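Coordinates in review
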Amino acid sequence: MSRLFKLGSNKMRTDLTHQTIFAVGCGTPDGEINNGLAAALAFGENGARVFIVDRDKDALALASGRLAEQNITHATALADVTDEDSIAKALNECRSHFEDPSVLYYNVGIVKDGGPTEITTDDFISALKINVAGAFTTIRLVLPAMIKAKYGRIITVSSVGGIRSVGYNYPAYSSSKAALIELTKSVGIAYAKEGIRANTIAPGFIASPLVAKSLSSNYSTNADMLKRRNAASPTGEMGRPEDIASAAVFLASKAADYINAALIPVDGGLIHTTPN
């Protein structure tokens, strides 16, 4: 991934040297490239120091190993976004290793498949706690240092499923992802004059391990899932985790200085098609 590109005679900088990224939910349970790990790698490849936070110890270790293979400056911390103390502790560890983060990348999300007759109220609330309340807590903790520095980038990962129907019966997931979009937008507007930019990436159909596991029950076979999700994508095939990572690097960089409170679909045009 290029660190520098030109538009006419102007240089638009995607170099993240001197930036510290607090990357939440960027572990990899199977060592595979998922949305979180792809972003962490891309941040590091563009010069950033990457501090990865995840609640899964093994996923964290595997992600660290992949970053080490690429000689990316990084550190890790085990934390759960539903536990404010653990996120605060992870943030202190980030400061100890590097400094206050200049960029927050929130890539946390769980899928609760099923509607009101299939899942419980507790299931619904669990999705809200992790997908949106966890983001609120993390944003609340990183904001003071960003305000003091008069600079900060907050990037949350929502979903096209938080904008429109994509054919799955998962109101807990879609509701929480819709709320995440509005939370991020509100933060961007409220703190824009403090030098802070807050934007949301909304992935469409992405060929990632988590998606395959979370939604496999909706299909007869894995091959059927791949075929149908590719067919539903306007481009004829699903996107890749690297596509999400490219958007994340852009939003974290000086190239996106005047982009704020925006929703960036990375979906091949899916939001403009007729819902299933």
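First, a word on scope: everything that follows refers to the structure included in this document. (Residues numbered from 1 in each chain as written. Predicted model: local features only at pLDDT ≥ 70, side-chain atom pairs only at ≥ 80, totals over all residues. Heavy atoms only, no water.)

**So, the layout of surface pockets**
- Quantified by volume, the second largest pocket comes out at close to 150 Å³.
- What lines the second largest pocket is simply G204, F205, I206, S233, T235, E237, M238, G239, D243, V266, D267 and G268.
- For the lining of the second largest pocket, the class distribution of residues is four nonpolar, five polar and three charged. (1 Å grid on protein atoms, 1.4 Å probe; cavity = no way out; pocket = protein on both sides within 12 Å on 5 of 7 lines; lining within 4 Å. Points joined across faces, edges and corners; volume = space filled by probe spheres on them. Nonpolar A, V, L, I, M, F, W, Y, C, P; charged D, E, K, R; others polar.)

**Thoughts on the pattern of salt bridges**
- The final tally for this structure, using the stated rule, is 10 salt bridges.
- The salt bridge involving R66 is made with E69; its shortest N-O contact spans 3.7 Å. Taken together, the positions of R66 and E69, both in helix α2 (residues 57-69) and three residues apart, correspond to about one turn of that helix.
- You can call R66 partly exposed: its relative accessible area is 26%.
- Between K112 and D123 there is a salt bridge whose closest N-O contact spans 4.0 Å. Remark: D123 occurs in helix α4 (residues 121-149) and K112 occurs in the loop between β6 (103-106) and α4; sequence separation between them is 11 residues.
- According to the relative accessible area criterion, K112 is partly exposed, its value standing at 23%. (Salt bridge = Lys/Arg side-chain N within 4 Å of Asp/Glu carboxyl O. Helix = DSSP H or I, 4+ residues; strand = E, 2+ residues; numbered from the N terminus. Buried < 20%, exposed > 50% of the residue type's maximum accessible area, 1.4 Å probe, protein only.)

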